[in-house]
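# Fold and contact review
Residues per chain are reported as follows:
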Amino acid sequence: MSIEPQLYVAPPELLRDRIILVTGASDGIGRALALRTAKLGAQVILHGRNVKKLEKVYDEIVALEHAPRPSIAVIDLATANSVAYESLADKLAEEFGRLDGLVHNAAIVGDRFAIAQYDAVQWQRVLHVNLTAAFALTQVLLPIMQQAADPSIIFTSSSVGRIGRAFWGAYAVSKFATEGLAQVLADEHRDGKLRVNCINPGATRTAMRLETFPAEDKGLLKGPDEVLAPYLFLLGPDSKGTSGQSLNSQ
Ligand code: NDP
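So, here is what we can say about the structure in this document.

### A few points about the environment of Ile61
Assignment of secondary structure puts Ile61 in helix α2 (residues 51-62). Here Ile61 falls in the buried class, since its relative accessible area comes to 0%. Ignoring anything within four residues of it in the chain, the contact list for Ile61 reads Ala34, Leu35, Ala38, Leu46, Ala67, Pro68 and Pro70.

Set out below in structure tokens:
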């Protein structure tokens, strides 16, 4: 019987002994995913740019019963250079020797203007944080992902990264490119054990959503905890053999 990723129910201890890095784990979907994966037994590396917010998530995980103690990795994706990425990869190699899961979740929306008015500096910034930083991080972490028995990379997309929509500018373009990056990487590893997939979480009640749709009825939106099923599916062993796919949370 095939599994429907949107409806996936994670068994307890699904991620036991797995080491999983979540970018943008300080808030929103990344925070919810970090907490849930820790509950399921993963040792989570909490990535973000704001130490205080990351420490709060760290404390929440430590307070959970039986969750492995997480780690914190502070890198501002807007400004980090290759030295920062390499030193993270070296640290993880030294401490764990492998990485089982990598979730590229951090992103910014940037300006929502027509292409005719879109500011070029803002354009570069959005593409850098949402796309180029994920490329750079993936590249340095691939060697330790190859050391894992069942490695999985997840990129985060959006509905505007599948069908272009007016005024979504660099954000939409960065998500289209993210889908492309995931497909290219998946194809490069089609004969190996590494799986690479994209998830569109759909409209979710987070700071990003509130910033872009301030007037909408928040009560109608799913919370970050309610969109995690396909992430858990892809991070655990039930998704072995699933690669190059674009999944939806809702
Ligand atoms: P949030 O704005 O709630 O969280 C974004 C996370 O990314 C935060 O942890 C934020 O850190 C981090 N981040 C942003 N910029 C940087 C940076 N320069 N360096 C390091 N970390 C950074 O967003 P969501 O949880 O809503 O979004 C998560 C993902 O889901 C994104 O990829 C988004 O595009 C996608 N998505 C979300 C939808 C939604 O409706 N919410 C719909 C479709 C896709 P900090 O806490 O410091 O700001």
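### Topic: the site of the ligand
Not every one of the 30 residues close to the ligand is listed here, only the nearest: Ser26, Lys53, Asn105, Tyr171 and Thr206. The separation between a nitrogen atom of the ligand and a polar side-chain atom of Asp76 is 2.9 Å. A distance of 3.5 Å separates an oxygen atom of the ligand from a polar backbone atom of Gly202. Bound to the protein, the ligand loses 93% of the 900 Å² it would expose on its own. Looking at the shell around the ligand, the elements with two or more residues in it are α1 (28-39), α5 (169-188) and α6 (207-212). If you tally residues by element for the shell around the ligand, the top one is α6, at three residues. Looking at the shell around the ligand, its residues break down into 12 nonpolar, 12 polar and six charged.

### A closer look at the pairing of strand β6 (residues 195-200)
Side-chain positions along a regular strand alternate between the two faces of the sheet. With six of its six residues buried, β6 lies for the most part within the structure. By the alternation rule, side chains of β6 split into Arg195, Asn197 and Ile199 and Val196, Cys198 and Asn200, which are all buried. Of the strand pairs in this sheet, strand β5 (residues 152-156) and β6 are connected by five bridges, and their pairing is parallel. Across the sheet, Thr156 pairs through a bridge with Ile199, a residue of β6. Since β5 and β6 lie parallel, the crossover through α5 that links them has a hand, and here it is right-handed. Bridge analysis of β6 against strand β7 (residues 246-248) gives three bridges, and the strand direction is parallel. Within β7, the residue paired with Asn200 across the bridge is Asn248.

### Observations concerning the packing of aromatic side chains
The description of an aromatic ring pair rests on the distance of the ring centres and on the angle between the ring planes. Here the structure, examined in full by the defined rule, presents four aromatic pairs. Arranged with centres 5.5 Å apart and planes meeting at 85°, the rings of Tyr118 and Trp123 form a pair that is edge-to-face. A relative accessible area of 10% places Tyr118 in the buried class. Classification of Trp123 as partly exposed rests on a relative accessible area of 26%. Three or more aromatic residues link up through ring pairs in this structure, and these residues are Trp168, Tyr171 and Phe213. The lysine or arginine in question, Arg112, covers the ring of Trp168, its NZ or CZ lying 4.0 Å from the ring centre.

Parameters and conventions
- Residues numbered from 1 in each chain as written.
- Predicted model: local features only at pLDDT ≥ 70, side-chain atom pairs only at ≥ 80, totals over all residues.
- Heavy atoms only, no water.
- Helix = DSSP H or I, 4+ residues; strand = E, 2+ residues; numbered from the N terminus.
- Buried < 20%, exposed > 50% of the residue type's maximum accessible area, 1.4 Å probe, protein only.
- Contact = heavy atoms within 4.5 Å.
- Near = heavy atom within 4 Å.
- Polar contact = N/O pair within 3.5 Å; in protein donor to acceptor, adjacent residues only side chain to side chain.
- Areas by Shrake-Rupley, 256 points an atom, 1.4 Å probe, with all protein chains shown as cover.
- Nonpolar A, V, L, I, M, F, W, Y, C, P; charged D, E, K, R; others polar.
- Pairing = 2+ DSSP bridges.
- Right-handed = clockwise from strand over helix to strand, strands pointing away.
- Phe/Tyr/Trp six-rings, centres within 6.5 Å; stacked < 30°, edge-to-face > 60°.
- Lys NZ or Arg CZ within 6 Å of the ring centre and 35° of its normal.

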